[in-house]
Every structure is written in C-alpha cells, then in structure tokens.
Amino acid sequence: MKKELALLALAGALALAGCDSGGVPSPAEKLEGKGQEAPVAANAVALRGDGLTAGAESFFFAAGKAEVEAALASALGTALRSGENPECGAGPITFTDYAGGLTAHFQEGRLVGWNWHLPQDGDRAPSGTVALAGKVQLGTPRAEVEAAPGFAKVEGSTLGEEFALGDRLGGFINGDKVEMLYAGTQCFFR
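The model shown is predicted, which means the values in this text are computed figures rather than measured ones.

Examining the pattern of salt bridges
No. 1: Counted according to the given criterion, the structure contains 7 salt bridges.
No. 2: Asp123 is paired through a salt bridge with Arg81; the nearest N and O atoms lie 2.9 Å apart. Placement of Asp123 in the loop between β7 (110-117) and β8 (129-132) and of Arg81 in strand β4 (residues 81-85) is noted, with a sequence separation of 42 residues between them.
No. 3: One salt-bridge network, in which partners are shared between bridges, spans Arg142, Glu146, Glu161 and Asp176.

Shown next as structure tokens:
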C-alpha cells in the first residue's frame, strides 16, 4: 500500500510539473523591456498589433469584453452598434462599432481583434481619435505604405489589395490609399 501511495504521489508531482504555462508571459512581462509607452489622451485610442490602448487603459488580446467596451466608450463615445456573426470561419464572433471607424471583435467574452476602417454613412462624428502607432494610418498613400518597415503584399487575396505590416498587422489599399487596417482575429470570408 505504501508503495502504491508513493507511486501515486510521484505521478501527481509529475502531472503538476507538466502543467506549466508553456512560457506564456503575463501582461506585465510583455511590457517589460519595451520602454515606457507614450501617454494616450483620455479621448484617444492607440491601436497595436497585440491589442489597443483606450485612454489610460491598455488591453492585450484576451482582455475582458466589458472592460474593453467601457474604456472604448469612455474614449470614443457610446457604441454605434453591435452584433454577432455566428458563421465566422474562426468561430462565432461578436463585434462592437465605435465612431471613428473602429470595430472591436470578441469571442467568448474576450477581445480577439480589431479593425479600423472608414466610417459608414450615417455614423456620428467621433468624440475622440483613433490611430495606429507609426506612420501608416487610414488614408496613408500607397507609396508610403509600401515603403513602411515590414510591408508585404498578400499574394492571391480574394478581398482586394491586401497587405501585411510585419506578422501582426494587416490592411487593404483601395485606389491609392489605405482603406482598412486590422489585427487579431477577423471574420473575412476568403
């Protein structure tokens, strides 16, 4: 009986050792070594390839929906609309649109992506600003985007002139200007 208990204890210890997080850094560890981020105004949203900052609050993908929506509403005003797409290839996605052309994407109550696009007809003017870190923004001319670090055309895209900026950001050019930027999980039907 003692031998069986010892084996059971050893198996339990090995199982617990196998429950390591796999080296996934915490949000604080992710920010470590990146230097201090520039402050964002209370009525501003700064978009990043790994999430976004709304006012004084920064969110990585996987942040809670309620917290993200509250911070976005504080920075940009109440949501314009929300909805869901149960048939998304990445799994069901809910979304919330804000003035300024920002759409936040959620799955299972967690932020999983965003896209920033030209405002739709009938949208109210934004009470705040939306921007992406760096020179590439909505409306950036084609030549500037193509010269940006990490730029690569997405060959064979069925959605138009799609491009990547590094491994976390993407976008679309229409005519001679950036029409949309995105990061994280999207519900594009290819």
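From this point, the discussion proceeds with the structure in view.
Overview of the sheet that holds strand β3 (residues 57-60)
No. 1: Pairing within the open sheet is mixed, and its 4 strands lie in the order β3-β2-β1-β8. Of all the strands in the sheet, the pair left with one neighbour each is β3 and β8. With strand direction ignored, the average angle separating the axes of adjacent strands in the sheet is 15°.
No. 2: Judged from the 4 bridges that link them, strand β1 (residues 44-48) and strand β2 (residues 51-54) form a sheet pairing that is antiparallel. Of the residues in β2, the one forming a bridge with Ala46 is Thr53.

Thresholds, definitions, all that
- Residues numbered from 1 in each chain as written.
- Predicted model: local features only at pLDDT ≥ 70, side-chain atom pairs only at ≥ 80, totals over all residues.
- Heavy atoms only, no water.
- Salt bridge = Lys/Arg side-chain N within 4 Å of Asp/Glu carboxyl O.
- Helix = DSSP H or I, 4+ residues; strand = E, 2+ residues; numbered from the N terminus.
- Pairing = 2+ DSSP bridges.
- Axes fitted to C-alpha atoms, helices over the stretch in contact; angles between N-to-C directions.

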